[in-house]
Amino acid sequence: MNSLPGAVIAALLGAGIAFVNYRLTKKAASSAGSAAGASGLFGLVPVIRMVLSVGLLAAAYFLGPLTPWDRVWILAGAVVGLTVPLFIFTFLLVKQVNGGGADQTETKGRDRNG
């Protein structure tokens, strides 16, 4: 049987988890300025992100034999679904934190050095 549908479903689930991780990180970064946000949510975000990511991979591994698709394709789809959106969302977060991207950072660096 063709395992591509299983890989696509796992990739979509991985992209969903990556989006949830992005929203959690963005929320924690925006609330890091307040004392309550820094002590509460910001410290738990890495743990929550890791549990979600590892949970998807564990589910793909252990539930793979129960599906009609090959486990390797499901795992590969989950990995791609987690990784590719992660790069995009990390770029968006860095752009947001820098206030506009690398061009503005280079200009700031030149202004400081004269």
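Quick caveat, the model's predicted, so the values are computed rather than measured.

Participant: Help me get a handle on the packing of helix H1 (residues 4-30) against helix H4 (residues 71-98), residues and values and all.
Facilitator: The N-to-C vectors of H1 and H4 enclose an angle of 30 degrees; their axes lie 7 Å apart at closest approach. Classified by the angle their axes make, H1 and H4 are roughly parallel. As H1 packs across H4, the resulting crossing turns out to be right-handed. Considered class by class, the residues forming the contact of H1 with H4 number 18 nonpolar, six polar and one charged.

Participant: Can you lay out the nonpolar core for me, pointing to particular residues and giving the numbers?
Facilitator: By size, the foremost hydrophobic cluster in this structure holds seven residues: Ala10, Ile17, Leu56, Ala60, Ile74, Ala78 and Leu82. If one sorts the elements of this core by residue count, H4 sits on top with three residues. Setting aside anything within four residues of it in sequence, one finds Ala60 in contact with Arg71, Ile74, Leu75 and Ala78.

Participant: Can you tell me about a nonpolar patch on the surface, naming the residues and giving the values?
Facilitator: A cluster of nonpolar residues, Leu4, Val8, Leu12, Val72 and Trp73, forms a patch on the protein surface that exposes about 500 Å² of accessible area. Of all the secondary-structure elements, those providing two or more residues to the nonpolar patch are H1 and H4. Per-element tally for the nonpolar patch: the top contributor is H1, with three residues. Structurally, the position occupied by Val8 is in helix H1. Judged by its relative accessible area of 42%, Val8 is partly exposed.

Participant: Report on the packing of aromatic side chains, specifying residues and quantitative values.
Facilitator: Two aromatic rings are characterised by how far apart their centres lie and by the angle between their planes. Taken as a whole, this structure holds four aromatic pairs when the rule is applied. Taken together, a centroid distance of 5.0 Å and an interplanar angle of 85 degrees make the contact between Tyr61 and Phe62 edge-to-face. Each residue in the set Phe19, Tyr22 and Phe89 is aromatic and connected to the rest through ring pairs, giving one cluster. The aromatic ring of Tyr61 is capped on one face by Arg71, whose charged end is 4.2 Å from the ring centroid.

Procedures and definitions
Residues numbered from 1 in each chain as written. Predicted model: local features only at pLDDT ≥ 70, side-chain atom pairs only at ≥ 80, totals over all residues. Heavy atoms only, no water. Axes fitted to C-alpha atoms, helices over the stretch in contact; angles between N-to-C directions. Helix = DSSP H or I, 4+ residues; strand = E, 2+ residues; numbered from the N terminus. Parallel < 35°, antiparallel > 145°, perpendicular 65-115°, else oblique. Left-handed = near helix turned anticlockwise from the far one by under 90°. Nonpolar A, V, L, I, M, F, W, Y, C, P; charged D, E, K, R; others polar. Core = buried A, V, L, I, M, F, W, Y, C linked by side-chain atoms within 4.5 Å. Buried < 20%, exposed > 50% of the residue type's maximum accessible area, 1.4 Å probe, protein only. Contact = heavy atoms within 4.5 Å. Patch = residues over 30% accessible without salt bridge, like charges linked within 9 Å, V, L, I, M, F, W, Y side chains within 5 Å. Areas by Shrake-Rupley, 256 points an atom, 1.4 Å probe, with all protein chains shown as cover. Salt bridge = Lys/Arg side-chain N within 4 Å of Asp/Glu carboxyl O. Phe/Tyr/Trp six-rings, centres within 6.5 Å; stacked < 30°, edge-to-face > 60°. Lys NZ or Arg CZ within 6 Å of the ring centre and 35° of its normal.

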